[in-house]
Amino acid sequence: MNAHTTVGQLTVKPLPNCGAEVLGIDLNNLSDSELAAVKKAYADYGIIFFRDQKLTEDQHIAFAKKFGEIDINKFFPHIDGYREIAKVGKEKEQKTNIGGGWHTDHSYDQVPAMGSILVARQLPPEGGDTLFANMYAAYETLDDETKAQIANLKAVHSNGHVFGSKAYYNNEERTEFANDEAVGEAVHPVVITHPLSGKKALYVNPGFVLRFEGQTMQESPPLLHKLFAHAMNARFHTRFQWKPGSIAFWDNRATWHFALNDYHGHDRLMHRITIAGVALN
């Protein structure tokens, strides 16, 4: 799937390892054929990137609603007046960023989120890129023995170690993320059939998976770490450099992402909307 696709002025430009750029459109004025092309690119590639867009908060919400119901985040602070939009920021005095490790959003929910739409609002002069990983390719390139080994496994996902009162983000810098009342666990297949593309994808991630269902915390790591190490291979990754007007729209069921924390001393502010998904199988 390496050829460019054009629909009127819209061009879908595949990236080498993960995702595609969708160029030549204004997200505030999408025709029906352009919207259909955007939806197809999203299903095909798992993540799509837009440049030179100008979305207000209301327009951000309107665009998201073209894809589904908005999932209100239980942990992130919201933008004033817009509870649908999560604030993903780091101030120049802070050292801890948000999403600074491989993960996929909301895998700890009983019904995981479909997608996340991240809009750049304030960027550092350099740094702050985001890495994305292709979980379609990660699954497809596993050896047959490993595929057979994980075919019927399920994994336990949790957010307690990240967002609980004694967890990673409950430090002196990021206390706004702790919410003990919302922490919990969910169980999902290790290999899912993607509800949009019909392709198989690897659905475990280092950020939120604790163990395999039916196994202890001591029994699970060898195979889990093997899967994580495989998916961390750079041949599955793309690195997105944010610029004013940049938007990333990723499918949480087909990708991982990692926000690089290499811009200490500068502010970075992103607005994120998460779109609700369906039960996975």
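Our subject is the structure listed above.
Positions within a chain are numbered from 1, following the residues in the order the chain's sequence is written. Reporting in this predicted model follows two pLDDT cut-offs: at least 70 for local features of residues, and 80 or more for side-chain atom pairs to be given and counted; totals over whole chains, interfaces and linings ignore these cut-offs and use all residues. Excluding hydrogens and water, the side-chain figures rest on all heavy atoms present in the structure.

Draft legend 1. Structural view of the environment of Arg211. By the criteria applied, helices consist of DSSP H or I runs no shorter than four residues and strands consist of E runs no shorter than two, each listed in order from the N terminus. By the element assignment, Arg211 lies in strand β14 (residues 209–212). Through-space distance from the C-alpha of Arg211 to that of Leu224 is 7.5 Å; in sequence the pair is 13 residues apart. Should any heavy atoms of two residues lie within 4.5 Å, those residues are considered in contact. Arg211 has contacts with Ala155, Val156, Thr216, Met217, Ser220 and Leu224, leaving out every residue within four places of it along the chain.

Draft legend 2. Region of the structure containing the packing of aromatic side chains. Put simply, two rings from Phe, Tyr or Trp (the six-membered ring, in Trp's case) pair if the centres are within 6.5 Å, and we call them stacked under 30 degrees between planes, edge-to-face over 60, tilted for the rest. Applying the stated rule across the entire model yields 15 aromatic pairs. Ring geometry for Phe75 against Tyr108: centres 6.0 Å apart, planes inclined by 80 degrees, an arrangement best described as edge-to-face. Of the two residues, Phe75 sits in the loop between β5 (70–71) and β6 (78–79) while Tyr108 sits in the loop between β7 (82–90) and β8 (115–122), which places them 33 residues apart along the sequence. Across this residue pair, the class does not change: Phe75 and Tyr108 are buried. Ring geometry for Trp102 against Trp256: centres 5.9 Å apart, planes inclined by 45 degrees, an arrangement best described as tilted. Here the residue Trp102 occupies a position in the loop between β7 and β8, and Trp256 occupies one in strand β17 (residues 255–259), the gap between them amounting to 154 residues. Accessibility here uses a 1.4 Å probe with only protein chains present; expressed as a share of the type maximum, an area under 20% marks a residue as buried, one over 50% as exposed, and anything in between as partly exposed. The buried category is assigned to Trp102, whose relative accessible area is 10%. In this structure Trp256 comes out as buried when scored by relative accessible area, which is 1%. Taken together, the ring pairs connect Tyr42, Phe50, Phe63, Phe67 and Phe249 into an aromatic cluster. Consider the ring centre and the ring normal. A charge sits over the ring if Lys NZ or Arg CZ is within 6 Å of that centre and within 35 degrees of that normal. The ring of Tyr263 is capped by Lys90, whose NZ or CZ atom sits 4.5 Å from the centre of that ring.

Draft legend 3. Inspection of the sheet that holds strand β10 (residues 154–158) at higher detail. Pairs of strands are assigned from DSSP output, requiring at least two bridges between the strands. The antiparallel open sheet is built from three strands, whose spatial order is β11-β10-β14. Edge positions in the sheet fall to β11 (185–189) and β14, since each of these pairs with one other strand and no more. Neighbour-to-neighbour, the strand axes of this sheet turn through a mean angle of 30 degrees, independent of strand direction. In this sheet, β14 lies alongside β10 in antiparallel orientation, the contact comprising three bridges. Counted as the bridge partner of His157 is Val209 from β14. Axes here refer to lines fitted to C-alpha atoms; in helices the fit is confined to the stretch in contact. Angles between the N-to-C directions go from 0 to 180 degrees.

Draft legend 4. A look at the pattern of salt bridges. When a carboxyl oxygen of Asp or Glu lies within 4 Å of a side-chain nitrogen of Lys or Arg, that pair is called a salt bridge. Scanning all chains against the criterion turns up seven salt bridges. A salt bridge links Asp109 to Lys74; its shortest N-O distance comes to 3.7 Å. Highlighted residues: Asp109 in the loop between β7 and β8 and Lys74 in the loop between β5 and β6, separated in sequence by 35 residues. Looking at Lys74, the relative accessible area reads 45%, which means it is partly exposed. We note a salt bridge from Arg239 to Asp262, for which the minimum N-O separation is 4.0 Å. You can see Arg239 sitting in strand β15 (residues 237–240) and its partner Asp262 sitting in the loop between β17 and β18 (268–275), a full 23 residues away along the chain. Note on Arg239: relative accessible area 51%, which makes it exposed. Judged by relative accessible area, Asp262 falls into the partly exposed class, the value being 40%.

Draft legend 5. Up close: the environment of Gly115. Along the chain, the position of Gly115 falls in strand β8. Separated by 100 residues in the primary sequence, Gly115 and Leu15 have C-alpha atoms spaced 19 Å apart. With near-sequence residues (within four places) excluded, Gly115 lies in contact with Tyr42, Phe249, Trp250, Asp251, Asn252, Ile273, Thr274 and Ile275.

Draft legend 6. Representation of the nonpolar core. What we call a nonpolar core is a set of buried Ala, Val, Leu, Ile, Met, Phe, Trp, Tyr and Cys residues that are connected through their side-chain atoms within 4.5 Å. By size, the foremost hydrophobic cluster in this structure holds 31 residues, and its most contacted members are Met135, Ile150, Val190, Leu202, Val204, Phe212 and Leu227. Sorting the residues of this core by element identifies β9 (130–134), α3 (135–140), β12 (191–193), β13 (200–202), β14 and α6 (221–231) as the ones contributing at least two each. Not counting chain neighbours up to four residues away, the residues in contact with Met135 comprise Ala201, Leu202, Ala231, Ala254, Thr255 and Trp256. Core analysis: the second largest hydrophobic core is formed by 30 residues, Leu30, Ala41, Phe249 and Ile273 among them.

Draft legend 7. Structural detail: the sheet that holds β15. One open sheet holds the three strands; their spatial order is β15-β9-β17, and the pairing between them is antiparallel. Only two strands of the sheet have a single partner each, and these edge strands are β15 and β17. The mean inter-strand angle of the sheet, taken between neighbouring strand axes irrespective of direction, is 20 degrees. As judged from the four bridges shared by β9 and β15, these two strands associate in the antiparallel manner. Residue pairing across strands places Ala133 opposite His237, the latter belonging to β15.

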